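# Topology and contacts: notes
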Amino acid sequence: MSDITPVIVMNDCAVMNQFASDNSKAESPMVNVKWANSSNATVFAKELAFSGHIVLRGKPTDDAFMAGAAKVLGTELPGKLSSVESGEYVVRWLSPDTWLITMPGAAAYALETRLRETLTGHYQVVNESGGQTLLVLSGENAENVLHKSVHYDIHISNFPVGKVVNTNFAKTGCTLRRLGEQEFELVVRRSFSDYVAAWIQDAAAEYGFAWQG
Amino acid sequence: MLHIYCPHCCEYREEEEFHCKGQAHIARPLDPDNCSEQEWANFIFFRKNTKGQHQELWHHSAGCGKFFNVSRNTITYKIEQSYLLGTAPQPVLDVNKEGKA
């Protein structure tokens, strides 16, 4: 077998500011969606476009990793199926060793840099800002739209405010988080975002749908 | 539709979120450079076709993305238990052999 000892230098990699500055052109992945607006809408959707998405991985049993991440984020990393908000950061649990942090896009570069400066040992930080987008679904029939879209039990007794689940959404997947009794946040892949938009409009048509931009 | 317990999410989820990855507990030959072709072929190709209790590897692909093992009855489809990789399934009391469970 091989005698090569792997040398892991987690900080030795190229980090770029992926956020487009004010004078460069940027388009949301939903730029081509044609939104219908009903005058008596009971379901509303909006996109939090150009958010920063950072995926952080590390072992929850590694105390130095957990302490370092808590120091940078200003909060402990959340446990199973939960989320925390800390200042401009929203931290979601994705799997036992994976967390998704979202924030305004301009803050992503600073966070990525600070995580790399603070963390040591075996960890991973990936900027996925361009790969996914955030949608917020609200209104008195928002839950009914999700009943048609996900097979997860989203009744408030099983899916309380702040809980996060990765599940199927129609024929794609999403990271679903409850913001309020009738307010939900979806993290969807950018290449599926027009499909998700079309699905939501179709599912919400009977209740009246309006896009909040 | 199976209702499967993910030991990482600690919740029951719909089968649609999972993928079955075949038989579990397949040991890789410890010294692949020096094992026989038969040993290697057994590792790569040959699988049991169990009627009854079967241990399988499942992937929570739409959820946490982690792998875990499932003990499933191939006749009734009943899932007896889900357990983490690197652990053995809990012995299940056979009602027919040992009286009342």
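Criteria and thresholds
Residues numbered from 1 in each chain as written. Chains lettered and ligands numbered in written order. Predicted model: local features only at pLDDT ≥ 70, side-chain atom pairs only at ≥ 80, totals over all residues. Helix = DSSP H or I, 4+ residues; strand = E, 2+ residues; numbered from the N terminus. Rg over C-alpha atoms; globule rule 2.2 N^0.38 Å. Buried ≥ 20, exposed ≤ 12 C-beta atoms within 10 Å, placed from the backbone. Contact = placed C-beta atoms within 7 Å. Pairing = 2+ DSSP bridges. Axes fitted to C-alpha atoms, helices over the stretch in contact; angles between N-to-C directions. Left-handed = near helix turned anticlockwise from the far one by under 90°. Nonpolar A, V, L, I, M, F, W, Y, C, P; charged D, E, K, R; others polar. Core = buried A, V, L, I, M, F, W, Y, C linked by C-beta atoms within 7 Å. pLDDT = per-residue confidence, 0-100. Expected span 1.5 Å × (residues − 1). Arc of directions from axis to C-beta.

Moving on, we come to the overall build of chain A. The helix and strand inventory of chain A stands at 4 helices and 11 strands. Taking 2.2 N^0.38 as the reference for a compact globule, 213 residues should give roughly 17 Å; the C-alpha atoms of chain A span a radius of gyration of 19 Å, in line with that estimate. For chain A, the spread of C-alpha atoms along the principal axes amounts to about 65 × 45 × 40 Å. Out of the 213 residues in chain A, the part that is buried amounts to 33%. Restricting to contacts in chain A with at least 6 residues of sequence separation, those with at least 24 account for 65%.

Residue and element names in this part refer to chain B. Relative to strand β6 (residues 79-83), strand β5 (residues 67-73) is paired through 4 bridges, and the arrangement is antiparallel. The residue bridging R72 from the neighbouring strand is I79, located in β6. Between β5 and β6, which pair antiparallel and follow one another directly, the connecting turn spans 5 residues, one of which, Y77, has a positive phi of 70°.

Glancing now at the sheet that holds strand β11 (residues 209-211) of chain A. All names here are of chain A. Spatial strand order, β8-β9-β10-β7-β1-β11: 6 strands in an open sheet with mixed pairing. Strand pairing shows two members of the sheet lacking a second neighbour, β8 (164-169) and β11, which therefore form its edges. Geometrically, the sheet is characterised by an average inter-axis angle of 30° between neighbouring strands, direction not taken into account. Pairing geometry for β8 and strand β9 (residues 172-180), over 6 bridges, is antiparallel. By the bridge assignment, V165 is partnered in β9 with L176. Sitting on the sheet, helix α4 (residues 193-204) is in contact with β1 (43-48), β7 (132-138), β8, β9, β10 (183-189) and β11, with an inclination near 10° to β7.

We now examine unusual backbone geometry. Residues other than glycine seldom take positive phi values, yet F50 of chain A does so here, at roughly 60°. Phi angles above zero are rare outside glycine, and Y77 of chain B is one such case at about 70°. Note on placement: Y77 of chain B falls in the loop between β5 and β6.

What follows covers the packing of helix α1 (residues 63-73) of chain A against helix α2 (residues 108-118) of chain A. The relative placement of two packed helices comes down to the angle between their axes together with the axis-to-axis distance. Residues and elements named next belong to chain A. In contact at an axis separation of 10 Å, α1 and α2 are set at 145° when each is read in the N-to-C sense. As α1 runs across α2, the sense of the crossing is right-handed. Across from G68, K71 and V72 in α1, the residues of α2 making contact are R114, L115 and T118. Here the residues of the contact of α1 with α2 sort into 2 nonpolar, 2 polar and 2 charged.

Okay, the interface of chain A and chain B next. Chain A puts 10 residues into the contact, and the matching count from chain B is 11 residues. Sorting the residues of the side of chain A that touches chain B by element identifies β4 (89-95) and β8 of chain A as the ones contributing at least two each. No other element matches β8 of chain A, which puts 3 residues into the side of chain A that touches chain B. Considering only residue class, the side of chain A that touches chain B consists of 3 nonpolar, 6 polar and 1 charged.

Grouped together as the largest cluster of nonpolar side chains are 50 residues, with contacts concentrated most on I101, L137, V145, L186 and I200 of chain A. If near-sequence neighbours (up to four positions away) are discounted, I101 of chain A is found in contact with I54, L56, L73, Y89, V90, V91 and L111 of chain A.

Mean pLDDT over chain B: 89, with 90% of residues reaching 70 or higher. Across the predicted assembly, pTM comes out at 0.89 and ipTM at 0.86.

A few words now on the pairing of β5 of chain B. Sheet analysis places strand β4 (residues 53-59) of chain B next to β5 of chain B, joined by 7 bridges and oriented antiparallel. Note that in β5 of chain B the partner of Q53 of chain B across the bridge is N73 of chain B.

A separate point is α4 of chain A. Residue and element names in this part refer to chain A. For α4, spanning 12 residues, the distance from its first C-alpha to its last is 16 Å, which sits close to the expected 16 Å at 1.5 Å a residue. Every buried residue belonging to α4 is among S193, V196, A197, I200, A203 and A204, and all of these are buried. For α4, the buried positions fall inside an angular range of 135° around the axis, keeping them on one side.

Residue and element names in this part refer to chain A. Position of D97 among the secondary structure elements: in the loop between β4 and β5 (98-104). Residue classification places D97 among the partly exposed residues on the basis of 19 C-beta atoms within 10 Å. Among all residues touching D97, those that are not within four sequence positions of it are R57, G58, K59 and P60.

This brings us to the sheet that holds strand β3 (residues 83-86) of chain A. Residue and element names in this part refer to chain A. The strand order across the open sheet built from 5 strands is β3-β4-β5-β2-β6, with neighbouring strands paired in antiparallel fashion. Across the chains shown, the open sheet's two edge strands, defined by having one partner strand only, are β3 and β6 (123-127). Each neighbouring strand pair of the sheet contributes to a mean axis angle of 20°, computed without reference to strand direction. Pairing between strand β2 (residues 51-58) and β5: 7 bridges, direction antiparallel. In the sheet register, R57 faces β5, and the bridge partner there is T98. Against the sheet, α1 engages β2, β3, β4, β5 and β6, with an angle of about 160° to β2.

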